Amino acid sequence: YGMNHLDPFENDEFWGHEILAEVARLESVLNGEASHFFDLGALRDIIDYFRYQNDVKKAFATVEYALALYPYDNDLLFEKACLLYESTQFHQALIAVDEAMEQEGNALEYLILKSEILRELGRVDEAIEFLSQFTDDESFKEKIFYQIGILYSQKNEYEKGAEFLESALTIMEEADEIRFD
C-alpha cells in the first residue's frame, strides 16, 4: 500500500487527536507493521479524513481494507465507485456502482453517478436511456430531468436539453408552491 506515516496535525481542530490516532493505527496495519480491529464508523471517519486531505489513494486503500472487513456494506461500495470515478478509472467505477445498485436499489446518488460514469465513457445515449427509466419516480423526478437535460446539452441537442431542464424547473416550482401554500 505504500502509505507513509502521517505526522499528526496538532493544530487541526476539525479532526482532533482521536482521528489522527486512528489514521496512524490504520497506516500501521496497511504497512504490515501491526494488527488492529477497526469498527465501521472509525473506518468511515478515516476515509472522510483522507478525502478532506485530498488523498484519494489513501482513501481508496482504506475503502478496500474496509470492504475486506465489511464486504456487504453498501456505503463502502458506493464510496469505492466514487473514488474510482474521481480517479478516472471509469470502467472499474461502473462495475462498483452496478454492484452497489444491486444491493441498494435505485438511490438517486447511485443513478446520477452511473449516468456520469457512462457519460465519461462516451456512452451518453446509454446514460440518457438509463436515467429515462426513472422519470416517473416522484421523489426525485426533477433531478433526473435535470441530469437528462444536461446530457442532451452535452450531445449538442440543445432543444431537447432545454425541454428537460424546463421540465425540471417546472417540477421544482410546483413543489415550492405546494410547500408554501
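Residues numbered from 1 in each chain as written. Predicted model: local features only at pLDDT ≥ 70, side-chain atom pairs only at ≥ 80, totals over all residues. Heavy atoms only, no water.

Caption draft 1: How the structure looks around the side chain of Lys 114. With respect to the helices, strands and loops of the structure, Lys 114 is situated in helix α6 (residues 108-120). Judged by relative accessible area, which is 14%, Lys 114 ranks as buried. Residues in contact with Lys 114, not counting those within four places in the same chain, are Leu 94, Val 97, Asp 98, Met 101 and Phe 130. (Helix = DSSP H or I, 4+ residues; strand = E, 2+ residues; numbered from the N terminus. Buried < 20%, exposed > 50% of the residue type's maximum accessible area, 1.4 Å probe, protein only. Contact = heavy atoms within 4.5 Å.)

Caption draft 2: Up close: helix α2 (residues 40-52). In this model α2 runs 18 Å from its N-terminal to its C-terminal C-alpha over 13 residues, within 8% of the 18 Å that 1.5 Å per residue would give. Inspection of α2 places Leu 40, Ala 42, Leu 43, Ile 46, Ile 47, Tyr 49 and Phe 50 among the buried residues, and these make up the whole buried set. Here the buried face of α2 lies against α1 (16-30), α3 (56-69) and α4 (74-86). The positive-phi residue at the C-terminal boundary of α2 is Asn 54, with phi of around 60°. (Expected span 1.5 Å × (residues − 1).)

Caption draft 3: Expanded view of the nonpolar core. In this structure, Leu 26, Leu 111, Leu 113, Ile 117 and Ile 144 are the most contacted members of the largest nonpolar core, which totals 55 residues. In terms of residue count, α4 provides more of this core than any other element does, 8 residues in total. Leu 111 has contacts with Met 101, Asn 106, Phe 130, Leu 131, Phe 134, Phe 140 and Ile 144, leaving out every residue within four places of it along the chain. (Core = buried A, V, L, I, M, F, W, Y, C linked by side-chain atoms within 4.5 Å.)

Caption draft 4: Just the packing of helix α7 (residues 124-132) against helix α8 (residues 141-154), in detail. Two elements in contact, α7 and α8, have axes separated by 10 Å at closest approach and are oriented at 165°. It follows that α7 is roughly antiparallel to α8 by the angle criterion. Handedness of the crossing formed by α7 with α8: left-handed. Here Val 124, Ala 127, Ile 128, Leu 131 and Ser 132 of α7 come into contact with α8, specifically with Ile 144, Gln 147, Ile 148, Leu 151 and Tyr 152. A class-by-class count of the residues in the contact of α7 with α8 yields 8 nonpolar, 2 polar and no charged. (Axes fitted to C-alpha atoms, helices over the stretch in contact; angles between N-to-C directions. Parallel < 35°, antiparallel > 145°, perpendicular 65-115°, else oblique. Left-handed = near helix turned anticlockwise from the far one by under 90°. Nonpolar A, V, L, I, M, F, W, Y, C, P; charged D, E, K, R; others polar.)

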